[in-house]
Amino acid sequence: MKKDAVFIFSEEQLGYSFSDSHPFNQKRILLTLDLLKKSGAIVDDDIIAPRMATDEELLLAHDNKFIDIVKKAGKGELQEDAGIVFGIGTEDTPIFKNMHEASAMLVGGTLTAVDEVMQGRATYALNLGGGLHHGFHGRASGFCVYNDSSVAIKYLQKKYGARVLYIDTDAHHGDGVQWSFYDDPTVCTLSIHETGRYLFPGTGAITERGNGTGYGTSFNFPIDAFTEDDSFLSIYKTAIKEVTEYFKPDVILTQNGADAHYFDPLTHLYGTMDIYKEIPRIAREIAEEYCEGRWIAVGGGGYDIWRVVPRAWAHIWLAMKKIPAPTGPLPQDWLSKWQEQSPVKLISTWEDPVPLYEPIPRKEEINDKNAQMLSKALHIIRHQQLN
Ligand SMILES: [Zn+2]
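Residues numbered from 1 in each chain as written. Predicted model: local features only at pLDDT ≥ 70, side-chain atom pairs only at ≥ 80, totals over all residues. Heavy atoms only, no water.

Peer 1: Could you give an account of the packing of helix α7 (residues 229–247) against helix α8 (residues 273–290), with specific residues and numbers?
Peer 2: Across the interface, α7 lies against α8 with an axial gap of 11 Å and an inter-helix angle of 15°. Overall, the two elements α7 and α8 adopt an arrangement that is roughly parallel. The crossing of α7 and α8 is right-handed. Only Asp-274, Ile-275, Glu-278, Ile-279, Ile-282, Ala-283, Ile-286, Glu-289 and Tyr-290 of α8 make contact with α7, whose side of the interface consists of Asp-229, Phe-232, Leu-233, Tyr-236, Lys-237, Ile-240, Lys-241, Thr-244 and Glu-245. Class assignment for the residues of the contact of α7 with α8 results in ten nonpolar, one polar and seven charged. (Axes fitted to C-alpha atoms, helices over the stretch in contact; angles between N-to-C directions. Helix = DSSP H or I, 4+ residues; strand = E, 2+ residues; numbered from the N terminus. Parallel < 35°, antiparallel > 145°, perpendicular 65-115°, else oblique. Left-handed = near helix turned anticlockwise from the far one by under 90°. Contact = heavy atoms within 4.5 Å. Nonpolar A, V, L, I, M, F, W, Y, C, P; charged D, E, K, R; others polar.)

Here's what the structure looks like:
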């Protein structure tokens, strides 16, 4: 019987771990799953273990030499600094034990999600272990070794002949995925992110629209620092609607970084839990309207793993299960279990406290600037016919 949604998870996904002090911490998946369990929103039968991606699959989007370096690094066989030109052994992406296997497991999780949806066993599939959007063809970058979305899109093309729309709402530009398909007219990438003026990776300008026959299938929506919910959501809703209508995908892959929140320590956006409640519900509606429901979702960034990510990511699953967004207190047993470990006071409700921060004096200016950016970024759709 076809399921509405499946949740890809096994403890092996937690093996992707740089160090205890590194901001990228997969404990957030455990926190999210436990929140869903204690909320009565998920049962064991909804959970599917990921498989490990094979070398052949990784080669769809990665260089052989790079894969070899990652394997050697994880086995402690790499000469000192030999990984640096491949982005391995840097401050962002340090070497850790079995890093090839752990990284290939995250990719395999997204491939598992793809197969569940494309073979019709589930309408939606969620792999929170994925979303490593900064991984390049031959180089690790920004906490990302292998790029599960890039591999998954190639796999979707090759195995299913699918036309894929990739939607990235992480606060950082989805550069790795964009550059992988920059020349490819059968894949469309859409990224909403904090402008690269002061934030890694610095790319993602509206003028990055694709190359050659792929021109017009790369969309970037760089928003200003201090952008709040209303402006973020208005850009997201308009962008996703117009780009989907224009591109007409067979399937949607969304990257759900949860680092656009006010509490996130690495970025400068002022989102609240309200954006994370809305983002997946709108993605689901779009998938239903244009793709017979086919929607695969992955995780991504998110560095306040205690107060932000569990609630934000729980909303993706709740949207997939069509459970109305919960309000009020979080389950008491979840709060008491994790408060013991958390270095910060947990937020005890599904909603953020109001007000979460002092009003921003430049609000109107920022919203205007974002609105102008949106219209320029969509210029190609609004003023050209797609042939
Ligand atoms: Zn990010």
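Back to the text.
Peer 1: Describe the sheet that holds strand β6 (residues 218–223), naming the residues involved and giving the relevant values.
Peer 2: The strand order across the open sheet formed by eight strands is β2-β1-β3-β8-β7-β4-β5-β6, and the pairing between neighbours is parallel. On the outer flanks of this sheet lie β2 (47–48) and β6, each paired with one strand and no other. Where strand β7 (residues 251–255) and strand β8 (residues 295–298) come together, four bridges link them in parallel fashion. Across the sheet, the residue bridging to Gln-255 is Val-298, located in β8. This element, helix α4 (residues 99–118), spans β1 (3–8), β2, β3 (122–127), β7 and β8 of the sheet and lies at about 170° to β3. (Pairing = 2+ DSSP bridges.)

Peer 1: Any chance you could break down the coordination of the zinc ion for me, citing the residues and the numbers?
Peer 2: Taken together, the protein donors to the zinc ion comprise Asp-170 (OD), His-172 (ND1) and Asp-259 (OD), at separations of 1.9 to 2.1 Å. Mapped onto the sequence, the donors of the zinc ion take the spacing D-x1-H-x86-D. Residue Asp-170 shares its accessibility class with His-172, and that shared class is buried. (Donors = N, O, S within 2.8 Å, 3.2 Å for Na, K, Ca; no water. Buried < 20%, exposed > 50% of the residue type's maximum accessible area, 1.4 Å probe, protein only.)

Peer 1: So, the pairing of β3: which residues are in play, and what are the values?
Peer 2: Of all six residues making up β3, six are buried, and the element is well covered by its neighbours. Pairing geometry for β1 and β3, over four bridges, is parallel. By the bridge assignment for β3, Val-6 is matched with Ala-125. Bridge analysis of β3 against β8 gives four bridges, and the strand direction is parallel. Within the sheet, the bridge partner assigned to Leu-126 lies in β8 and is Ala-297.

Peer 1: Mind laying out the pattern of salt bridges, listing which residues take part and the relevant values?
Peer 2: Pairs can form between side chains of opposite charge once their charged atoms are near each other. For the coordinates displayed, the defined rule picks out 22 salt bridges. In this structure, Asp-45 and Lys-3 form a salt bridge, with 3.2 Å as the shortest nitrogen-oxygen distance. Of this pair, Asp-45 sits in the loop between α1 (27–38) and β2 while Lys-3 sits in strand β1; the two residues are 42 residues apart in sequence, bridging distant segments of the chain. The exposure class of Lys-3 is partly exposed, given its relative accessible area of 22%. (Salt bridge = Lys/Arg side-chain N within 4 Å of Asp/Glu carboxyl O.)

Peer 1: Requested: an account of the packing of α7 against helix α11 (residues 363–377), with residues and values cited.
Peer 2: Between α7 and α11, whose axes approach to 10 Å, the crossing angle comes to 10°. As far as their axial angle goes, α11 and α7 are roughly parallel. Of α11, the residues touching α7 (which contributes Asp-230, Ser-231, Ile-235, Thr-238 and Ala-239) are Lys-363, Asn-367, Asn-370, Met-373 and Leu-374. When the residues that make up the contact of α7 with α11 are grouped by side-chain class, the tally is four nonpolar, four polar and two charged.

Peer 1: Can you tell me about the packing of aromatic side chains, naming the residues and giving the values?
Peer 2: All told, the structure shown has 18 aromatic pairs when counted by the stated rule. Each ring, one from Phe-18 and one from Phe-96, has its centre 5.2 Å from the other, and the planes form 90°; the classification is edge-to-face. One end of the pair, Phe-18, is in the loop between β1 and α1; the other, Phe-96, is in the loop between α3 (64–74) and α4, and 78 residues separate them in sequence. Just as Phe-18 is buried, Phe-96 falls in that class too. By way of ring pairs, the aromatic residues Tyr-16, Phe-18, Phe-24, Phe-96, Phe-143 and Tyr-303 are connected into one cluster. In this structure, Arg-139 packs its charged tip against the face of Phe-136, placed 4.7 Å from the ring centre. The lysine or arginine in question, Arg-163, covers the ring of Phe-247, its NZ or CZ lying 3.9 Å from the ring centre. (Phe/Tyr/Trp six-rings, centres within 6.5 Å; stacked < 30°, edge-to-face > 60°. Lys NZ or Arg CZ within 6 Å of the ring centre and 35° of its normal.)

Peer 1: Would you mind going over the side chain of Glu-228 in detail, with residue names and values included?
Peer 2: Mapped onto the elements, Glu-228 comes out in the loop between β6 and α7. Within the structure, Glu-228 has its side chain in polar contact with the side chain of Tyr-357 (distance 2.7 Å). Beyond its immediate chain neighbours, meaning those up to four positions away, Glu-228 contacts Tyr-270, Tyr-357, Ile-360 and Lys-363. (Polar contact = N/O pair within 3.5 Å; in protein donor to acceptor, adjacent residues only side chain to side chain.)

Peer 1: Lay out helix α9 (residues 309–320) with the relevant residues and their values.
Peer 2: Counted at 1.5 Å a residue, the expected span for α9 with its twelve residues is 16 Å, and the 17 Å between its end C-alpha atoms agrees. Among the twelve residues of α9, twelve are classified as buried, and the element is accordingly described as predominantly covered. Turning to α9, its buried residues are Val-309, Pro-310, Arg-311, Ala-312, Trp-313, Ala-314, His-315, Ile-316, Trp-317, Leu-318, Ala-319 and Met-320. Packed against the buried residues of α9 are β1, α1, β3, α8, β8 and α10 (332–339). Directly after α9, the chain includes Lys-322, whose backbone phi takes a positive value near 55°. (Expected span 1.5 Å × (residues − 1).)

Peer 1: Could you give me a rundown of the environment of Glu-101, with the residues and numbers involved?
Peer 2: Within the secondary structure, Glu-101 is located in helix α4. When the C-alpha atoms of Glu-101 and Lys-71 are compared, they prove to be 7.9 Å apart, with 30 residues separating the residues in sequence.

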